[in-house]
Amino acid sequence: MRTKYKAWAKPLLDENPEIVLDNNRLISQADYYLEIGSGKGKFLSEMASNYPNLTFIGVEKNITVAGYCLKKILESGVNNAFLYPEDINLVLPDIPSESILSIFLNFSDPWPKARHEKRRLTTPGLIDEYYRVLKKDAHLYFKTDNADLYNYSLDQFKNSHFLTENMNEDYNSIDSFDTETEYELKAKEKGQKIYRIILKK
């Protein structure tokens, strides 16, 4: 279900430049953790709260959803979470190679129709870019409740340079470097399986 447009979102983003990054400030960051498709910000703000000595950046292209994410960051009171309201396809080319500590892909839009395959966040071209921007021995974390997206992504990962460190087709617990997203909680309430893959560069 698509989030309805909210007129307050863009002004809120503009009023908080200390949190909302532009391209120059994004690429100037060092040693950060990147969540692609941050949604309404539960994962991003909770990870920042749980790990106050680490820096977390979320990329969210939907301006209204980015507004909700910013609200969550502000409400949490953390000072180590930042937001970039932009399409990741426009962001990645400007990120220096081997500059990111981890990437999180949490419950990405599955784009189930074959003609929309190129919009998925686990297409071969994007996976190659994730590999490029991650530091050596860094991780890519993938979670979804969509079996088709899981199987599609698994095939793409197997054909990439990444090493598969862990696969779980019924992920119910939270490991030491994870927390639940809004969408994840709803999926669990419905009894849906959670699929998780951890990849290493």
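Whatever comes next refers back to the structure up there.
The rules behind these values
Residues numbered from 1 in each chain as written. Predicted model: local features only at pLDDT ≥ 70, side-chain atom pairs only at ≥ 80, totals over all residues. Heavy atoms only, no water. Helix = DSSP H or I, 4+ residues; strand = E, 2+ residues; numbered from the N terminus. Buried < 20%, exposed > 50% of the residue type's maximum accessible area, 1.4 Å probe, protein only. Polar contact = N/O pair within 3.5 Å; in protein donor to acceptor, adjacent residues only side chain to side chain. Contact = heavy atoms within 4.5 Å. Core = buried A, V, L, I, M, F, W, Y, C linked by side-chain atoms within 4.5 Å.

*Asks:* Even after reading the chapter, I still don't get the side chain of Thr181, so can you show me in this structure?
*Replies:* Position of Thr181 relative to the elements: it lies in the loop between strand E6 (163-168) and helix H8 (182-189). You can call Thr181 buried: its relative accessible area is 7%. In terms of polar contacts, Thr181 uses its side chain to reach the backbone amide nitrogen of Tyr183, at 3.3 Å.

*Asks:* Whenever I open this one, unusual backbone geometry confuses me. Can you help?
*Replies:* A negative phi angle is the norm for most residues apart from glycine, just as the trans form is the norm for most peptide bonds. Positive phi, close to 55°, is recorded for Asp31, a residue that is not glycine. Considering the arrangement of structural elements, one finds Asp31 in the loop between helix H2 (23-28) and strand E1 (32-36). The partly exposed category is assigned to Asp31, whose relative accessible area is 42%. Its identity as a non-glycine residue notwithstanding, Trp111 has a phi of 40°, on the positive side. By the element assignment, Trp111 lies in the loop between strand E4 (100-106) and helix H6 (124-133). Its relative accessible area of 17% is what places Trp111 among the buried residues.

*Asks:* Would you explain the side chain of His139 in this entry?
*Replies:* Mapped onto the secondary structure, His139 falls in strand E5 (residues 134-144). A residue is classified by how much of its surface remains accessible, and His139, at 16% relative accessible area, is buried. A polar side-chain atom of His139 sits 3.0 Å from a polar atom in the side chain of Glu165. Dropping the residues within four chain positions of it, His139 is found in contact with Leu101, Ser102, Ile103, Leu134, Glu165, Ile198, Leu199 and Lys200.

*Asks:* Looking at this model, I keep getting lost on the nonpolar core. Mind explaining?
*Replies:* Generally speaking, nonpolar side chains in soluble globular proteins are found buried as a group. Counting residues in each nonpolar core, the largest one holds 34 residues, and the members touching the most others are Ile103, Tyr130 and Leu140. The biggest single contributor to this core is helix H7 (residues 147-158), with 5 residues. Ignoring anything within four residues of it in the chain, the contact list for Ile103 reads Leu34, Ile36, Tyr130, Val133, Leu134, His139, Leu140 and Tyr141. Ile19, Met47, Ala48 and Cys69 belong to the second largest nonpolar core, which has 21 residues in total.

Function cannot be inferred from these measures alone, as they are strictly geometric.
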